[in-house]
Every structure is written in C-alpha cells, then in structure tokens.
Amino acid sequence: MEDAFWEELDRFASRRGVSWQDFLRELLAAENTPPNRAAAVKESLIRLMRVEGECAAGGGRIKSWWAVEGPEEEKHICTRGVRLLAGRDFSCDIPVRDREVSRRHLMLSHDGESWWVIDLNSKNGSMINGRRINCARLEPGTRVNIGLSTLRLL
C-alpha cells in the first residue's frame, strides 16, 4: 500500500504538471472532495509516516532541529526524517502541549531542498506571518503559528 500510494500520488501530480505537495494540497483543500476522501488521504499519510519512521535505517533521513514555544512549554526537538507530524498527540514527531492544537495538526515534509509545512485540515489552521496557509515552503527561522504555539526550524 505505501509504495503504491506514493507512486499514485506522484503519477497524478506529474499528469497535472505540479509537485506532489501541490497535488496533495489540492486533494485536501478541494471543495468538491467528499469528507471521507480527505480523511482517507490524511490517515494514509499518517500511517506511511509512522512506517517510514520505524523502518528507515538512517538512509534518506534528515536531521533537523525545531523550536516549540507555547503557553505550556518551550523546547528544542531534534528529529530525523523527511516527513514529520506535529500536533497535540504525543505519538507525533513534534508533540505540542496546547489545547488549541489538533491531535495531528500539520505535516512537515522535506523535498530534498526545502522544508514544507502542510496543514492537515486542522480545526484552528496554521499561520505564517499572520496568514492562514494550507501548504507553504519554510525558510530557517520562519515561525509557524498553530493554536497558541509557535514552531520554528532552527
């Protein structure tokens, strides 16, 4: 399932002439997409990230540092991976203690050159520079506001 999912995602994105990130954003944001389809895409991505994190033996994994600043905590987290989950659930790669943050709030994905933030249709959304985003490229130091907390790539 995992390989087939990503192959299909890449194939559809290539057909449309867009990156997989843009295609995924379209899937999650499409107004005519039934709610169960977006939920299925989200759950598939979450399962893929868990399997990738558990099975990868260092190959293709990127070490990165993230700052988390919020009402209940301030910390720096070292992660390894090209797809990371951030949210209130402690199973996330970047757990955030904040009631305004969804359990699985956003995905951080590295495309080989840059980090991207992809909101997972969270209840309160994700903001960069005061603007709500679905998908955006991150520069080091950019602050991503989720709930009452901030994530920052160091």
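Residues numbered from 1 in each chain as written. Predicted model: local features only at pLDDT ≥ 70, side-chain atom pairs only at ≥ 80, totals over all residues. Heavy atoms only, no water.

S.K.: What should I look at first to understand the sheet that holds strand E8 (residues 131-133) in this one?
M.R.: Two strands in a sheet stick together by hydrogen bonds in their backbones, pointing the same way (parallel) or opposite ways (antiparallel). With antiparallel pairing, the six strands of this open sheet are ordered in space as E2-E1-E11-E10-E7-E8. Where the open sheet ends on each side, the last strands, each with one partner, are strand E2 (74-80) and E8. Direction aside, the axes of adjacent strands within the sheet are offset by 30° on average. Judged from the four bridges that link them, strand E1 (residues 63-69) and strand E11 (residues 149-153) form a sheet pairing that is antiparallel. Residue alanine 67 lies in a different strand from E11, and its bridge partner there is arginine 152. (Pairing = 2+ DSSP bridges. Helix = DSSP H or I, 4+ residues; strand = E, 2+ residues; numbered from the N terminus. Axes fitted to C-alpha atoms, helices over the stretch in contact; angles between N-to-C directions.)

S.K.: Sorry if this is basic, but what is going on with the pattern of salt bridges here?
M.R.: A side chain with one charge can pair with a side chain of the opposite charge if their charged atoms come near. Inspection of every chain in the model, using the stated rule, returns six salt bridges. A salt bridge links arginine 143 to glutamate 69; its shortest N-O distance comes to 3.0 Å. Remark: glutamate 69 occurs in strand E1 and arginine 143 occurs in strand E10 (residues 143-146); sequence separation between them is 74 residues. Look at arginine 143 and you get partly exposed, because its relative accessible area is 40%. In this structure glutamate 69 comes out as partly exposed when scored by relative accessible area, which is 24%. Two residues, arginine 152 and glutamate 69, come together in a salt bridge whose shortest N-O distance is 3.0 Å. Here glutamate 69 lies in strand E1 and arginine 152 lies in strand E11, a separation of 83 residues in the sequence. (Salt bridge = Lys/Arg side-chain N within 4 Å of Asp/Glu carboxyl O. Buried < 20%, exposed > 50% of the residue type's maximum accessible area, 1.4 Å probe, protein only.)

S.K.: When you look at the sheet that holds strand E9 (residues 135-138) in this model, what are you seeing that I'm missing?
M.R.: Within the open sheet, the five strands sit side by side as E4-E3-E5-E6-E9. Their pairing is mixed. Each edge of the sheet is formed by a strand with only one pairing partner; in this case those strands are strand E4 (94-95) and E9.

S.K.: I keep staring at the side chain of serine 109 and nothing clicks. Help me out?
M.R.: Mapped onto the fold, serine 109 is located in strand E5 (residues 106-110). If sequence neighbours within four positions are ignored, serine 109 has contacts with Trp20, Val82, Arg83, Ser114, Trp115 and Trp116. (Contact = heavy atoms within 4.5 Å.)

S.K.: Please explain the nonpolar core as it appears in this structure.
M.R.: Nonpolar side chains tend toward joint burial in soluble globular proteins. Core analysis: the largest hydrophobic core is formed by 20 residues, its most contacted members being Ile94, Leu108, Val117 and Leu151. Secondary-structure elements contributing two or more residues to this core are E1, strand E3 (83-87), E5, strand E6 (115-119), E9, E10 and E11. Here isoleucine 94 is in contact with Trp66, Val68, Ile77, Thr79, Leu84, Leu85, Ala86, Gly87, Leu108 and Leu151, once residues within four sequence places are set aside. (Core = buried A, V, L, I, M, F, W, Y, C linked by side-chain atoms within 4.5 Å.)

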